[in-house]
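This is what each chain is made of:
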Amino acid sequence: MSETARTVNLTETFLDGLAAIQAYQGQAEAAKGRQLSSAIVDFACDVIGAFPHAYPRHHIPQHPDRDYRRAVFRRDYVLIYRVTENEVTFLLIYGARQNPPDTLPE
């Protein structure tokens, strides 16, 4: 049973972060980088997209009224996304060992 079907959107900033992760992980073997980025997109679309409220809220001081969420993929990558009535928009992805950015792209 899934929640109401929502459109899943990947922002340019999210895709740029995903490309950087793919490039880094694919330095030794390009196929590993592609497999990782594909697994992250599958996680975002199939798992989070189906149940976006299953992950904890993520408080952003600049936007306290918006419903941001934070999901962690394989303990290594953090996905920040926003949930509205009709869509799930992935805003940012970064390594869990990195400091999160101060601001979110819109």
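Residues numbered from 1 in each chain as written. Predicted model: local features only at pLDDT ≥ 70, side-chain atom pairs only at ≥ 80, totals over all residues. Heavy atoms only, no water.

Asks: Even after reading the chapter, I still don't get unusual backbone geometry, so can you show me in this structure?
Replies: Leave glycine aside and you will find that most residues have negative phi; peptide bonds, for their part, are mostly trans. Although it is not a glycine, Arg74 sits at a positive phi angle of roughly 50°. The residue Arg74 is located in the loop between β2 (68-73) and β3 (77-83) in this model. Judged by its relative accessible area of 54%, Arg74 falls in the exposed class. Although it is not a glycine, Arg75 sits at a positive phi angle of roughly 60°. Following the sequence through the fold, Arg75 ends up in the loop between β2 and β3. (Helix = DSSP H or I, 4+ residues; strand = E, 2+ residues; numbered from the N terminus. Buried < 20%, exposed > 50% of the residue type's maximum accessible area, 1.4 Å probe, protein only.)

Asks: Just to check I follow, could you spell out the environment of Glu87 for this structure?
Replies: In this fold, Glu87 is placed in strand β4 (residues 87-95). The exposure class of Glu87 is partly exposed, given its relative accessible area of 28%. In this structure the C-alpha to C-alpha distance between Glu87 and Val8, which are 79 residues apart in sequence, comes to 5.7 Å. Apart from residues lying up to four places away in sequence, Glu87 is in contact with Arg6, Thr7, Asn9 and Arg82. Side chain to side chain, Glu87 and Thr89 meet in a polar contact 3.4 Å long. (Contact = heavy atoms within 4.5 Å. Polar contact = N/O pair within 3.5 Å; in protein donor to acceptor, adjacent residues only side chain to side chain.)

Asks: When you look at the packing of helix α1 (residues 12-25) against helix α2 (residues 30-48) in this model, what are you seeing that I'm missing?
Replies: The relative placement of two packed helices comes down to the angle between their axes together with the axis-to-axis distance. Put simply, α1 and α2 touch, their axes get as near as 7 Å, and they point 145° apart. Along this stretch, α1 crosses α2, giving a crossing that reads as right-handed. Counted together, Phe14, Leu18, Ile21, Gln22 and Gln25 of α1 and Lys32, Gly33, Arg34, Leu36, Ser37, Ile40 and Val41 of α2 form the full contact between these two elements. Looking at side-chain class alone, the contact of α1 with α2 contains six nonpolar, four polar and two charged residues. (Axes fitted to C-alpha atoms, helices over the stretch in contact; angles between N-to-C directions. Left-handed = near helix turned anticlockwise from the far one by under 90°. Nonpolar A, V, L, I, M, F, W, Y, C, P; charged D, E, K, R; others polar.)

Asks: Would you take a moment to explain the pairing of β3 for this structure?
Replies: Most of β3 is tucked away: seven of the seven residues are buried. Neither face of β3 is left uncovered, since the one carrying Tyr77, Leu79, Tyr81 and Val83 and the one carrying Val78, Ile80 and Arg82 both have all their residues buried. Both β2 and β3 contribute to a ladder of six bridges, which runs antiparallel. If you follow Tyr68 over to β3, its bridge partner there is Arg82. Connecting the antiparallel pair β2 and β3 is a turn made up of three residues, with Arg74 showing a positive phi of about 50°. As paired elements, β3 and β4 share seven bridges and run antiparallel to each other. Paired with Ile80 across the bridge in β4 is Leu92. Count of turn residues in the β3/β4 antiparallel hairpin: three residues. (Pairing = 2+ DSSP bridges.)

Asks: Sorry, what's going on with α2 here?
Replies: Helical periodicity: at 3.6 residues per turn, an α-helix aligns residues three or four positions apart in one direction. With 19 residues, α2 extends 26 Å from end C-alpha to end C-alpha; this agrees with the ideal 27 Å at 1.5 Å per step. Turning to α2, its buried residues are Gly33, Leu36, Ser37, Ala39, Ile40, Phe43, Ala44 and Ile48. Contacts made by the buried residues of α2 are with α1, β2, β3 and β4. (Expected span 1.5 Å × (residues − 1).)

Scope: geometric values only; no functional claims are made or implied.
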